[in-house]
Structure formats: structure tokens, C-alpha cells
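# Inside the fold
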Amino acid sequence: MNKFSDLYEFIDFAKGNRKYPENTANGLKSSLKIFEKELNLDELNSVNLVEDNIEEIFINVVAKNKDKNIGSLNTYKARLLKVINDYQRYGINPSKIQGWDIKPHSFAKSKTFKKDTQDKEPDKPQISLSDHINTPVHKIELSLRDNFKTVILIPRDINAKEAKMIKSILDSLVAEMN
């Protein structure tokens, strides 16, 4: 007869054969421990009986673990059923473990890594925003205070004399404030 304690040995066996990663094996064992506390003697001696009575056992688990989230308890139940299913497929006859194909994780499928290959088109040369827009002025926006923005438009072809004139106007505004 297949005892509940055989499930622990099966998890270790599957982990040793690289069918369960270590973190998965630990999670599965945690599920077994939570449910094991609620099993009667007959259920401890029969994995099939645990599977048949899973709903009644789950009700007892929920009642005894009111401090745990029901979603977490459902996860533990699903893990227990997974172990039982895997055990019935591969644990009763260990030679079948060779035919156990591991499903790749869904995140492994969705991520594709670009290999170092030559691009079909070379990168475009970088251009400044003003060159791209092809405007006759440079626009400078400054946020000086909350809810107050200053916009300065300067011709692209500004010369030194014009720049000094703009500077002197700004300097005179500062002098008036002092």
C-alpha cells in the first residue's frame, strides 16, 4: 500500500533526478506537512484515500488554519494533488521516471534573447532635436517655481553682440529686484 510518507521520499527522489527544482520540492513538502496534520490513520496509510477524501480534508485544513489566506491554502491543496498525481505516474514504478518530461516555464518561452548578429541596417547618425525639427530658433523652457514656467526663444544664428544684449537685459531685471 502506498503510504502518505512515501510522498516525501518521492519528492526527494524526483529532486535528485532533476524533475523538481529545490525550491519546488520544498514548497511541495510544506504542502504535505500542512495536510498531514489533518489526516486520520487510514488516510496516512493510503495515498489513494487522501486523493478520494481531499475535499473533506481541505475543509479541516481551512478550519485549523484560519490565520492563513484561503488562496494560499488552495495553492497548498493544488501542490498536494500535483505530488499525488506525479507519484501515481512515476513514483510507484521508479523506472517510469525516465519518461518524465519537464514542461518548460512559461516565462522561458516568452523571453527571447537577441543574439549578437549584424543588423540589416546600420544605425542612423544621431542628430540634435533642433536639427531634426529644422526650426529657425532654439526653444528653452525653464520651470522656475511651482506653476510658473519661462520660455526663451533664441535664434539659431545668434551672434555674440545679440547674446550680450540679452544678458544685459536679464542682468538689469536682477538689479531691479535688489
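The model shown is predicted, which means the values in this text are computed figures rather than measured ones.

In this structure, asparagine 65 sits in the loop between helix H5 (54–64) and helix H6 (70–91). Under the relative-accessibility criterion, asparagine 65 is labelled buried at 13%. For asparagine 65, the residues in contact, after removing those within four places along its chain, are Ile34 and Leu73.

Grouped together as the largest cluster of nonpolar side chains are 28 residues, with contacts concentrated most on Phe4, Leu7, Phe10, Tyr20, Phe35 and Leu80. Mapped by element, the contributors of at least two residues to this core are helix H1 (5–16), helix H2 (22–36), helix H4 (47–52), H5 and H6. With seven residues, H6 is the largest single contributor of residues to this core.

With that out of the way, let us pick up the packing of H2 against H6. Each packed pair of helices is defined by two parameters, the angle between the axes and the distance between the axes. Across the interface, H2 lies against H6 with an axial gap of 8 Å and an inter-helix angle of 105°. Considering their axes alone, H2 and H6 lie roughly perpendicular with respect to each other. In contact with Gly27, Leu28, Ser30, Ser31, Leu32, Ile34 and Phe35 of H2, H6 contributes Tyr76, Lys77, Arg79, Leu80 and Val83.

Rules used throughout
- Residues numbered from 1 in each chain as written.
- Predicted model: local features only at pLDDT ≥ 70, side-chain atom pairs only at ≥ 80, totals over all residues.
- Heavy atoms only, no water.
- Helix = DSSP H or I, 4+ residues; strand = E, 2+ residues; numbered from the N terminus.
- Buried < 20%, exposed > 50% of the residue type's maximum accessible area, 1.4 Å probe, protein only.
- Contact = heavy atoms within 4.5 Å.
- Core = buried A, V, L, I, M, F, W, Y, C linked by side-chain atoms within 4.5 Å.
- Axes fitted to C-alpha atoms, helices over the stretch in contact; angles between N-to-C directions.
- Parallel < 35°, antiparallel > 145°, perpendicular 65-115°, else oblique.

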